[in-house]
Amino acid sequence: MPFAIELRFDPESERRILEIWQEAARLYGTTYLTDHGVIPHLTLVTGDAGLRDAFGQLESPAGVISLHGTGFFAGGNVTFLKPEISEEIHRFHAAVCRIASDLGVPVDFHYLPENWVPHCTIAIDCTRNLEIPISSHLLEASIHSLILVEYPPTRLIAEKTTQST
């Protein structure tokens, strides 16, 4: 099973994203995310079990991520909220990839710094209304923690809470 290192949002933002997932489920005819126990997140990298070692060398970054507008992957099969990513988060993402590489852990091609499209997935396996974007939302989500998950279904392996400064 694959593993992922992800940024988890604060509880209020998670609640609001789950409401968006419900709206997306009605519009696109899919409950994949809730059926698989997915936690609202922004994925930094995906790879194999070696990501456990990379995760062990990381601390959760602090910050706020603005989620606004929507986009589609896979010909409309996957829809997501578009985040504004700070330079600090871009540097953190690159550091995660560098640590994984230094440990010999292969990172999925789509998550390498030069290919990474930051996103917060709101529906997977969409089956209808693919031409209709979900209504645009603006959400200021604080980073609550850094998580390591195994999927599917999602199983939380480890979590490091963001430290207040």
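Keep in mind the model is a prediction, meaning the values are calculated, not measured.

A. Local environment of the overall build of the protein. Counting secondary structure elements, the protein contains four helices and seven strands. Start at the N end of the protein and walk to the C end: the helices and strands fall as β-α-α-β-α-β-β-α-β-β-β. A compact globule built from 165 residues should have a C-alpha radius of gyration of about 15 Å, and the protein, at 15 Å, falls within 12% of that. For the protein, the spread of C-alpha atoms along the three principal axes comes to 45 × 35 × 30 Å. Counting only residues that meet the buried cut, the protein has 48% of its 165 residues in that class. Contacts in the protein between residues far apart in sequence, at least 24 positions, make up 78% of those at least 6 positions apart. As presented, the protein carries roughly 8,000 Å² of accessible surface, and 52% of it is formed by carbon and sulfur atoms. Charge-centre separation for the protein: the mean point of 11 positive side chains lies 3 Å from the mean point of 21 negative side chains.

B. Region of interest: helix H1 (residues 11–28). Here H1 spans 25 Å end to end across 18 residues, near enough to the 26 Å set by a 1.5 Å rise per residue. Every buried residue of H1 is accounted for by Ser13, Glu14, Ile17, Ile20, Trp21, Ala24, Ala25 and Tyr28. An end-on view of H1 places all buried positions within 150 degrees of arc, on one side of the element. Exposed positions of H1 whose direction lies more than 90 degrees from the buried face are Pro11 and Arg26. Looking at the buried positions of H1, the neighbouring elements they touch are strand E1 (3–9), helix H2 (32–35), strand E3 (64–73), strand E4 (78–84), strand E5 (120–124) and strand E6 (138–150). Following H1 by one or two positions, Gly29 has its phi on the positive side, about 70 degrees.

C. Examining the packing of aromatic side chains more closely. Enumeration according to the criterion identifies two aromatic pairs in this entry. The interplanar angle of 85 degrees and the centroid separation of 6.2 Å between the aromatic rings of Tyr28 and Phe72 together place this pair among those described as edge-to-face. Of this pair, Tyr28 sits in helix H1 while Phe72 sits in strand E3, and the two are 44 residues apart along the sequence. Residue classification places Tyr28 among the buried positions, given a relative accessible area of 0%. Taking relative accessible area as the criterion, Phe72 reaches 30% and is therefore assigned partly exposed. The residue whose ring lies beneath Lys160 is Phe55, and the NZ or CZ to ring-centre distance is 4.9 Å.

D. Highlighting the pairing of E6. Alignment of E1 against E6, held across seven bridges, turns out to be antiparallel. Pairing of Glu6 across the sheet is with Ile147, part of E6. Here E3 pairs with E6 via five bridges, running antiparallel. Bridge pairing in E6 places Leu67 opposite Leu139. Here six bridges tie E6 to strand E7 (residues 155–161), and the two strands are oriented antiparallel to one another. Residue Leu148 lies in a different strand from E7, and its bridge partner there is Ala158. The antiparallel pairing of E6 with E7 creates a hairpin that spans four residues between the two strands.

The rules behind each value
- Residues numbered from 1 in each chain as written.
- Predicted model: local features only at pLDDT ≥ 70, side-chain atom pairs only at ≥ 80, totals over all residues.
- Heavy atoms only, no water.
- Helix = DSSP H or I, 4+ residues; strand = E, 2+ residues; numbered from the N terminus.
- Rg over C-alpha atoms; globule rule 2.2 N^0.38 Å.
- Buried < 20%, exposed > 50% of the residue type's maximum accessible area, 1.4 Å probe, protein only.
- Contact = heavy atoms within 4.5 Å.
- Areas by Shrake-Rupley, 256 points an atom, 1.4 Å probe, with all protein chains shown as cover.
- Lys, Arg positive; Asp, Glu negative; His and termini not counted.
- Charge placed at Lys NZ, Arg CZ, Asp CG, Glu CD.
- Expected span 1.5 Å × (residues − 1).
- Arc of directions from axis to C-beta.
- Phe/Tyr/Trp six-rings, centres within 6.5 Å; stacked < 30°, edge-to-face > 60°.
- Lys NZ or Arg CZ within 6 Å of the ring centre and 35° of its normal.
- Pairing = 2+ DSSP bridges.

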